[in-house]
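# Structural description and commentary
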Amino acid sequence: MAILARAVQATRSYGPVIALDGVSLDVPAGQLLGLLGPNGAGKSTLLQLLAGLRRPTSGTVELFGGDPRQAWRRRRLGSTPQETGLPPTLRVQEVVGFVAGHFDHPVPTGELLEQFGLTGLDRRQTGGLSGGQKRRLAVAVAFVGRPDLVLLDEPTTGLDVEARHALWDAVRVYHRGGGTVVLTSHYLEEVEALAERIVVIDQGRVRADGTLAEIRSLVPARRLRLRAPDLPGLAGVDRINRHGDRYELWTADSDAVVRQLVRTGIPFADLEVSTASLEEAFLALTSPAGRPAAPAVAGMPR
Amino acid sequence: MSAADGVRLTGLHARYQFTETIRVPIAVIGTMLFPSLSLLFFVVPQSFAADPAAATTATAQLAVFSVMSVCLFNYGVGVAEDRALPWDSYLRTLPVGPSPRLLGRLINGLAFIALSLLPLVLIAWLLTAATLPPSRLVLTAAALLAAGLPLFAGGISIGYSMSTKAALAVANSLLLPLAFAGGLLLPPETFPGWLNSISMCLPTRAGRDLVVSAATGAGVPGSTVFALAGWTVITGSLAVWAYRRDEGRRFR
């Protein structure tokens, strides 16, 4: 499978601050990859390296087999401004037309605007658009050149639920058509809904890399919630949170824990068993408390 | 990138930059009107406005001033402002190299220079004795372009190496000293010897001498071409260096 983008031991520092610390990552063709990490983790820096906006301080970054800082390497790349930084005095059709002018076979403006729910706004100056419309236009221009690889940095920040789902649909349509996507997001739900592969970055390093199921499996698979006066020690429980009489337990085998609970005869109530979510895995991987658990992650493919 | 692509992309960037700038007319009008107003208030009422050579010289000097202010503000401050916007970072992810973007800027600046020269030339023509025979028109335009080269490259160097605030401060603190010491506001014949020696080393003075000579037929000092070429090489190298190291705004 062709590798469209690659980072090899890429490190980037801004003065004394190390934003990215020896990150290696391959983006194969056709993959929908979600980059997860808290603010300042280095996600945006990684995308900026891949898009040729910045040079790695050390290590290498490749786009379509070469240096992304060479303009022609970016012909099959689509990207989006992180903030809604569109030129306020230009009209919607002018912005789309301008970006389209850089590509050989652009999507016709009308078609693109329709796909992103912007029909009828073509003559509006972008400064007069609502926040959500600006965001959608900013994402839309990433697709105007019919790219093979799209880098989406926080694409749905500031969108309402409906607009977010519409945008997800557009990304899915593109991906089903063979497109490759690297997506960063604050919304775990978004990454969970879209990404085939998840890379968790924190403090400039890759903490985990795998499918949704694999990332989830980095934390105990089940969570039990219950109320009880006092719990004795239970075998097979990895972690316990207690707030008054409310307990949260994480375990790989919830059935065994429930059987133990029953045998102890403790008067517990309101038992709930659920699958640990991506959010829990994410928090465990990136929260300071979760870091000592890093050896469990070190075994992950990088 | 083929040459045809390059030309097409240059046109595209020039057109969009022009549209973007012209939609905030007040920013344009300020730069455009200063030289014309200077001519109107400081030259037209003077007795030498009736002297063709003196009036033509004064107009030529202000024309160089126009070129300089567009270079320092449109290129210097304008580029620094653009670089601070996320849109500019976005443009650098498009499959377009530096040349079409820089050439687009160059053309855009030329368009604004032409717009600011229009009222200047009209006032000079209607209200002073300044003359420019058709035979000298092309020569004068070429001299203005040559005079603009180091100023253009200087503007680009400022724009790509500084934040907006720093660029604004530098542009403002360069504008008047370079204009005054370069003989764009007062004729250099009135300078004391020491000031004239400094003046001869400045890019604005070299540009001024070249344009005045092209417009009036006055002689050009031998050092002019060297000064202009030297400054063009220096500012040009600075501009290339500043552009290459630029990664958009940087935060620490």
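Criteria and thresholds
- Residues numbered from 1 in each chain as written.
- Chains lettered and ligands numbered in written order.
- Predicted model: local features only at pLDDT ≥ 70, side-chain atom pairs only at ≥ 80, totals over all residues.
- Helix = DSSP H or I, 4+ residues; strand = E, 2+ residues; numbered from the N terminus.
- Rg over C-alpha atoms; globule rule 2.2 N^0.38 Å.
- Buried ≥ 20, exposed ≤ 12 C-beta atoms within 10 Å, placed from the backbone.
- Contact = placed C-beta atoms within 7 Å.
- Domains from an automatic or database assignment.
- pLDDT = per-residue confidence, 0-100.
- Pairing = 2+ DSSP bridges.
- Axes fitted to C-alpha atoms, helices over the stretch in contact; angles between N-to-C directions.
- Core = buried A, V, L, I, M, F, W, Y, C linked by C-beta atoms within 7 Å.
- Expected span 1.5 Å × (residues − 1).

Time to look at the overall build of chain B. Secondary structure summary: chain B contains 10 helices and zero strands in total. Its helices and strands in sequence order give chain B the pattern α-α-α-α-α-α-α-α-α-α, from N to C terminus. What you see for chain B is a C-alpha radius of gyration of 18 Å, in line with the 18 Å of a compact globule of 252 residues. Viewed in the frame of its principal axes, chain B has a C-alpha envelope of about 55 × 35 × 35 Å. The proportion of buried residues among the 252 residues of chain B is 46%. Of the contacts made within chain B by residues no fewer than 6 positions apart, 81% connect residues no fewer than 24 positions apart.

A word on the domain arrangement of chain A. When cut into domains, chain A gives domain 1 (3-86 + 143-215) and domain 2 (220-275). Averaged C-alpha coordinates put domain 1 of chain A and domain 2 of chain A at centres separated by 38 Å.

With that settled, the discussion passes to the confidence of the model for chain B. Residues and elements named next belong to chain B. When pLDDT is averaged across chain B, the result is 90; 97% of the residues are at 70 or more. When pLDDT is averaged over each element of chain B, helix 9 (residues 203-216) comes out on top at 95 and helix 2 (residues 25-43) at the bottom at 84. Among the prediction metrics, the complex's ipTM stands at 0.78, with pTM recorded as 0.78.

This part takes up the interface of chain B and chain A. If you look at the interface, chain B gives 23 residues, while chain A gives 26 residues. Of all the secondary-structure elements, those providing two or more residues to the side of chain B that touches chain A are helix 1 (3-22) and helix 4 (86-91) of chain B. Considering each element in turn, the side of chain B that touches chain A owes the most residues, five residues, to helix 1 of chain B.

Here we take up the confidence of the model for chain A. All names here are of chain A. Chain-level statistics for chain A give a pLDDT mean of 87 and a share of 93% at 70 or above. Here helix 10 (residues 294-298) is the element of chain A with the lowest mean pLDDT, 36, and strand 4 (residues 58-63) is the one with the highest, 96. Throughout residues 289-302 the model reports pLDDT below 50, and contacts reaching past four residues in sequence, or to other chains, amount to 17 contacts.

Another aspect to go through is the pairing of strand 2 (residues 17-28) of chain A. Residues and elements named next belong to chain A. Here strand 1 (residues 3-14) pairs with strand 2 via eight bridges, running antiparallel. Considered in strand 2, the bridge of Ser13 is made with Ile18. Between the end of strand 1 and the start of strand 2, which pair antiparallel, lie two residues, with Gly15 showing a positive phi angle near 60 degrees.

Once that is clear, we can look at the environment of Leu50(A). Residue and element names in this part refer to chain A. By the element assignment, Leu50 lies in helix 1 (residues 43-50). We classify Leu50 as buried; it has 26 C-beta atoms within 10 Å. With 43 residues separating them in the primary sequence, Leu50 and Ala7 have C-alpha atoms 7.8 Å apart. Excluding its chain neighbours within four sequence positions, the residues that come into contact with Leu50 are Ala5, Val61, Leu63, Pro68 and Leu151.

Residues and elements named next belong to chain A. The strand order across the open sheet formed by four strands is 11-12-10-13, and the pairing between neighbours is antiparallel. Only two strands of the sheet have a single partner each, and these edge strands are strand 11 (237-243) and strand 13 (269-275). The mean angle between the axes of side-by-side strands here comes to 15 degrees, regardless of whether they run parallel or antiparallel. The pairing of strand 10 (residues 222-227) with strand 12 (residues 246-251) spans six bridges and is classified as antiparallel. Looking across to strand 12, one finds that Arg222 is bridged to Thr251.

For the rest of this paragraph, the subject is the environment of Gly219(B). Residues and elements named next belong to chain B. Looking at the element boundaries, Gly219 is found in the loop between helix 9 and helix 10 (223-245). A tally of 10 C-beta atoms within 10 Å means that Gly219 is categorised as exposed. Put simply, Gly219 and Ser135 are 84 residues apart on the chain and 17 Å apart in space, counted from C-alpha to C-alpha.

This part covers the nonpolar core. The biggest cluster of nonpolar side chains holds 83 residues, and the ones touching the most others in it are Leu33(A), Leu50(A), Val95(A), Ala140(A), Val141(A) and Val200(A). When residues in this core are grouped by element, the largest group, seven residues, is from helix 4 (residues 131-143) of chain A. The two domains that each donate at least three residues to this core are domain 1 (3-86 + 143-215) and domain 2 (220-275) of chain A. Counting residues in hydrophobic clusters, the runner-up holds 56 residues, among them Ile113(B), Leu151(B), Leu202(B) and Trp231(B).

This brings us to helix 3 (residues 52-83) of chain B. An ideal rise of 1.5 Å per residue puts 46 Å on 32 residues; helix 3 of chain B measures up with 45 Å between its terminal C-alpha atoms. Across the 32 residues that make up helix 3 of chain B, a large majority, 27, are buried.

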